[in-house]
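# What the coordinates show
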Amino acid sequence: MLRIILFTLLSACLQTLSAQEFSTTFFGETQGGDYLQEYIAGLPDGGAYIVGQTNRVSSGGYHVLLIRTDAQGNRLWERTYHAGAGTWVAATADGGCVLGGYSLRHPFGTEQGFVSKIDAQGEQDWTQYFPQGNHSEIREVKPLANGGYAVCGIVSQPDSTGQNVFWARLSGSGGLIMYEEITMEGRDYYPSIMETNNGKLVLCWEGADGDRIRSYQPNGTLNWERNLQDWGYVCVRPAAIQDAAGNLWLTTVYIPLTNVITQFFFLRLNSENGTF
């Protein structure tokens, strides 16, 4: 019998939150509108940014929602932006945040990925939309050591059943430095991106023709790529972190090709060549 083992992972972004316990409800409200949460980023003062979507706006439909809380979970402020949804938020060094998601600005009504830099008062500094003309969604945005941002997401043509992963680099002011769409067979899902301690970028994703991990130079040159199915793994939402020694740790739920039991595992890789 197939057994599905579910794991709830505490994201590293929550480690900066206060150790005290509290309960605050913002989401799931039904009187006059809904709040739907997507992601939370902890802050050094114990507060948090929470991103999602809400239809509690006069223009109707769901709009991007951002909430700033204090260390006790009290709402300091709430902002809504354009039509669409926020799917990711990360704190920035200036006390603000960078958020990503999808907008409904496309003339044909399909989603278009966006990244916005938000200041500490919730005002938008800039917004970058991409890729132009495609159905797309941002999955992660990570601040980089040089002040820029690494972005990853999914993209497909409105008339296509295929879905590709893309990644990009933005400058600190939101300018598009590079963009790559990775074309594989079938549909690809759940990309995740990170910066290593020597400035390289690591991209992971779940794919129909193999679950992948890639390492890139800062200029976008590919260092190496590994297909996890070559090692006998079918992975779900792979993501990478790095330890102090420079090793990459791949975290994922996987189904061994010779077994139907879903398991959780860590896989340690050499960050220079992607080997065990």
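This is a predicted model, so every value here is computed, not measured. (Residues numbered from 1 in each chain as written. Predicted model: local features only at pLDDT ≥ 70, side-chain atom pairs only at ≥ 80, totals over all residues. Heavy atoms only, no water.)

### Focus: the confidence of the model for the chain
Regions with low pLDDT should not have their predicted coordinates read in detail. As a reminder, the rule being used: Confidence of the prediction at every residue is given by pLDDT, a number between 0 and 100. Residue contacts follow a heavy-atom distance rule, with two residues in contact if any of their heavy atoms lie within 4.5 Å.
For the chain, per-residue confidence averages 81 on the pLDDT scale, and residues scoring 70 or more make up 75% of the total. Every residue in residues 1-18 scores below 50 in pLDDT, and together they form 22 contacts with partners more than four places removed in sequence or on other chains.

### Considerations on the side chain of E137
Formally: Helix and strand definitions here come from DSSP, where helices need a minimum of 4 consecutive H or I residues and strands a minimum of 2 consecutive E residues; each element is numbered from the N-terminal end. In the analysis that follows, any N or O atom pair within 3.5 Å is treated as a polar contact, provided that within protein one partner can donate a hydrogen and the other can accept it, and provided that, for residues neighboring in sequence, both atoms belong to side chains.
Tracing the sequence through the fold places E137 in strand β8 (residues 135-143). Separated by 2.8 Å, the side chains of E137 and R139 make a polar contact. Residues contacting E137, with those up to four places away along its chain left out, are T87, G101, Y102, G113, G153, I154 and F166.

### Side note on the pattern of salt bridges
Which entries qualify depends on this criterion: The term salt bridge refers to a side-chain nitrogen of Lys or Arg lying within 4 Å of a carboxyl oxygen of Asp or Glu. Burial classes: relative accessible area under 20% of the type maximum marks a residue as buried, over 50% as exposed, and values in between as partly exposed (1.4 Å probe, protein chains only).
Overall, the coordinates contain 11 salt bridges when judged by the stated rule. Of the charged contacts in the structure, one is a salt bridge between D45 and R68, with a shortest N-O distance of 2.8 Å. Residue D45 is found in the loop between β1 (35-42) and β2 (48-54), and its partner R68 is found in strand β3 (residues 63-69); the two are separated by 23 residues along the sequence. Given a relative accessible area of 11%, R68 falls into the buried group. K117 serves as the salt-bridge partner of D94, at 3.0 Å between the closest nitrogen and oxygen. Residue D94 is located in the loop between β4 (75-91) and β5 (97-103), and its partner K117 is located in strand β6 (residues 112-118); the two are separated by 23 residues in the primary sequence. Each member of the salt-bridge network shares a partner with another, and the members are E180, R212, R214 and E225.

### Looking at the sheet that holds β8
Counted only if it meets this: Two strands are said to pair when DSSP picks up at least two bridges between them. Fitted lines through C-alpha atoms give the axes, limited to the stretch in contact for helices. The angle between two N-to-C directions lies from 0 to 180 degrees.
Reading across from one edge, β8-β9-β10-β11 is the order of the 4 strands in this open sheet, with antiparallel pairing throughout. Two strands lie at the open edges of the sheet, namely β8 and β11 (176-182), each paired on one side alone. Strand after strand, the sheet turns through a mean of 20° between neighbouring axes, direction not considered. Relative to β11, strand β10 (residues 164-170) is paired through 6 bridges, and the arrangement is antiparallel. By the bridge assignment for β11, F166 is matched with E181.

### Some remarks on the pairing of β5
Here β5 lies mainly inside the structure; 7 of its 7 residues are buried. By the bridge criterion, 7 bridges tie β4 to β5 in an arrangement that is antiparallel. Of the residues in β5, the one forming a bridge with G84 is S103. Between the end of β4 and the start of β5, which pair antiparallel, lie 5 residues, with G95 showing a positive phi angle near 90°. Bridge count between β5 and β6: 7 bridges; the pairing is antiparallel. The residue of β6 that forms the bridge with G100 is V115.

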